[in-house]
Every structure is written in C-alpha cells, then in structure tokens.
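# Residue-level structural notes
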Amino acid sequence: MGLVLEAATEHVEVMAVGADGEELALEAEEVGQGHTQRLTPLVERVLARAGLEPRSLRWVAADLGPGSFTGVRVGLATAQALALASGAEPCGATSLASRALATPARRTRVVPLVPAGRREVYAGFFRADGRGTVTLLASPQVGTAERILAHVDEALPLTGAAGVRFVGPAVPRERDALERAHPGSTALLFRHEGLSARDLARAARSRRGPAAGLPPAGGPLEPLYVRSAQAEERVRHRVSAGEPAVLRPFRSEDVAPAAVIERRVFSDPWPESFFLGELSHPGVYAMIAERGGRLSGYVLAWLSSGSGHIGNLAVAPEERRRGVARRLLEDLLERAGSLGVRSLVLEVRVSNFAAQALYRAQGFRLAGLRRGYYRDTGEDALIMEWRAPAAGGAARG
C-alpha cells in the first residue's frame, strides 16, 4: 500500500493506494500558496478515510516538479519524512513525466505544459512511438509560449513523427498560440486539467527510469526546478571568480586521477587504456582544469579540418556549477575556431539536463537522435551541434 502527494501546483491531491493498485481514498484542494499549512491535514484525512496507519505504508510518492517552488519542496519533504518514519520506500516522478506518460498518443511528440508564473510555462519534451510508449526526448525548458514553440520546432525533425500534442494544466491559457503554430495540437481528447495523483502514482511506480524521464531505481530524489534561484547563482559566480579554473594540457600522468572522476561521473566510464590511447592521437584536443591545485575536470575532443567531435567532458561532482565545464568548453571552441573547424558534434544523454543546458549556452543545438544508445539505461542520445560563426556574425543559436 502507498500514499501519493501531488503538490507541485496550487491544486493539491493526496491519494491512498491499496496493495492491488486500487484507490482507497482521495482528497483534493486548491491551496493557493498554503502548501505548508494544508498538506499535512490532507494526508491525515486520507489515511483516516483509508483506515491506514503510516507504518502500514510500503511506498510514498511525491511530485519532483517543476511547479510551485514551495509546493515541490513541501511535498517532497513530507513524503521523505513519512517514508523515514514508516520505513516506506520514497519514490517520485516529475510533473512533466507524469503528465506525458499518461498521454495515449502514438507516433508524435508529447509536450506537457505546467504553469510557471507570470506568462511563462514549464515544458517537457517526450516522444511516443508506434506502440504508444512514451520516452524522454530532451531537457525541459521554461519560458513564454513563443519560446517554447521555438524549442518544439527545433525538436520536430529528430524523431520523424509528424505531429505534436500539448497536454497539461497550462494548455488552456496558451491554446490560441499553440493552435496557431500547430493546428489540432491541443485536441480535447487529451486532458488539460490540473496535475493528477493517479498520473503521479502510475509514473512513480512504473520503474521505467531515466529513459522515460524518471529517477533511476534506488537513486536519490532530487527536485527539478529547471531554473535556479538568482541568489544561488550570485553566490556561485562569486566563488568561481575567487578561485577560477586553470587549464593545462592533459598528460599521461593525469590519466589515473581523471579515471577516478570518470568512474564517479559516468555509469559507462572510459577505461584508463582508452584515455592513454587517445592522448597519442594526432588530432586530439585534451585539456585538464584545476582549481586550487586539484584536478577538477577534463575534456577530450577530436578536431580535424572542417569538423570535430567532443568525446568526453567531465567535472568532479564537488566542483560542479563553479564554471569549470564552461571554462573547458569555451577554450575548446576557441581552439576549434583557430583551426578553422566549422562544426562540432557530441552525444549527450536525454536525461542529462545540466549538460544540455551547458551546451545550449555555448550555441549548441539539437541535430539528431540515437535511439537506445546508452546500454546501461536504454536511454536515447541527443546529437548536439555547434557551428562556427559566419564572418562578422555569431554562432548559430
């Protein structure tokens, strides 16, 4: 038996689920910004109506966002506290994956939309195959309807499917703009009401993992905010400026410590022998980043006349979000430009949202899809491409 806490928006739902997956009790309420005051009483009422004690729960599911910053935090904290007290398994799904996986679509792109405040929306990007199986396509975005539609158009050529379906609670507000761009994309046979505890329960218990935009089995539950708090970013920028990353060539004696980072960062790490072999390649660009005298990250790429390929860029977990990856990538692009390289490509997991954001910030855009590329999770790989600026212009972006 389990408990579901859907608290990512002002519409909150709490549901108790029986051992066979049946609904035992459901409470829903429009709480506004009152998640802190209203969520616990809703939980108490649902447990009482279902005749359950917290210790009888086997799992507790929470919405990981995006959505209301307060709602996501309160929902996740409540779920984790209940799980800790009862010995239940904590689990979760994002609001975007929950809505996408509940959409009965075939051979199309599925774009769930959740309100983000002001005139912006959170958007997820998924694809439905011919059997109706929905999988993650690219990282989520936040912005106006016009900005989201530009991302939709960028992703349209990747899968070969002809259509797009917008679903979720932000659709009614943006329907006119969505229909002008993609007639029929907001068809009423798809639900557009608030987020649902039933959808969240199905997604969180599906065990489909990163290929479907869900947390890996047994992994930590992390909230998905899509955009970070401005105050947080200001602190990181000050830290980075105080101790900037220093770059130097990647040498053979760096292989062992780099391989340690490689194993910490990637589930399919390169062996040390591969690093050693590539360092002797005549077209290799290999650079180390150090902060405070410690190896913080590295990048390996292959540059030839006209084109190049980024093989690996990694940063130690404790050094992330301090400008290390950006510094490595900027140096690589500068070197590529000096050699007359006109384009660079790379593969990145569809679930690696941070890497996709980094590459986008440097002018990379979606260029293709390799299905099932990562054998450990079955995830697709996005191909992203950077093109050198035309004379007197800027890189494509």
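Residues numbered from 1 in each chain as written. Predicted model: local features only at pLDDT ≥ 70, side-chain atom pairs only at ≥ 80, totals over all residues. Heavy atoms only, no water.

The next subject is the pairing of strand β13 (residues 307–315). In this structure, strand β12 (residues 294–303) lies alongside β13, joined through seven bridges in antiparallel fashion. If you follow Gly297 over to β13, its bridge partner there is Val315. Here β12 folds back onto β13 in antiparallel fashion, the turn holding three residues, of which Gly306 has a positive phi close to 95°. Bridging between β13 and strand β14 (residues 343–349) involves three bridges; their strand directions are parallel. Looking at β14, one finds that Gly308 is bridged to Leu344. Note on the crossover from β13 through helix α10 (residues 324–338) to β14: the handedness is right-handed. (Pairing = 2+ DSSP bridges. Helix = DSSP H or I, 4+ residues; strand = E, 2+ residues; numbered from the N terminus. Right-handed = clockwise from strand over helix to strand, strands pointing away.)

One open sheet accounts for four strands, arranged β8-β7-β6-β9; its pairing is mixed. Taken across any chain shown, the strands that pair with only one partner, and hence form the sheet edges, are β8 (134–143) and β9 (163–167). Between one strand and the next, the sheet's axes are offset by a mean angle of 20°, whatever the strand orientation. Helix-sheet contacts for helix α4 (residues 145–155) involve β6 (108–115), β7 (121–128), β8 and β9, and the interaxial angle to β8 is about 145°. Running over the sheet, helix α5 (residues 171–181) touches β6, β7 and β9 and is turned about 150° from β9. (Axes fitted to C-alpha atoms, helices over the stretch in contact; angles between N-to-C directions. Contact = heavy atoms within 4.5 Å.)

Taken in spatial order, the seven strands make up an open sheet running β10-β11-β12-β13-β14-β16-β15, and their pairing is mixed. Edge positions in the open sheet fall to β10 (246–249) and β15 (365–374), since each of these has one partner strand only. With strand direction ignored, the average angle separating the axes of adjacent strands in the sheet is 25°. Across seven bridges, the pairing between β14 and strand β16 (residues 379–387) is antiparallel. Within the sheet, the bridge partner assigned to Leu344 lies in β16 and is Trp386.

With that settled, consider the environment of Cys91. Along the polypeptide, Cys91 turns up in strand β5 (residues 89–93). Residue Cys91 is classed as buried on the basis of its relative accessible area, which comes to 7%. Residues Cys91 and Arg107, spaced 16 residues apart in sequence, show a C-alpha to C-alpha distance of 29 Å. Those residues in contact with Cys91 that lie beyond four places of it in its chain are Trp59, Val60, Ala61, Ala62, Ala204, Arg205 and Leu221. (Buried < 20%, exposed > 50% of the residue type's maximum accessible area, 1.4 Å probe, protein only.)

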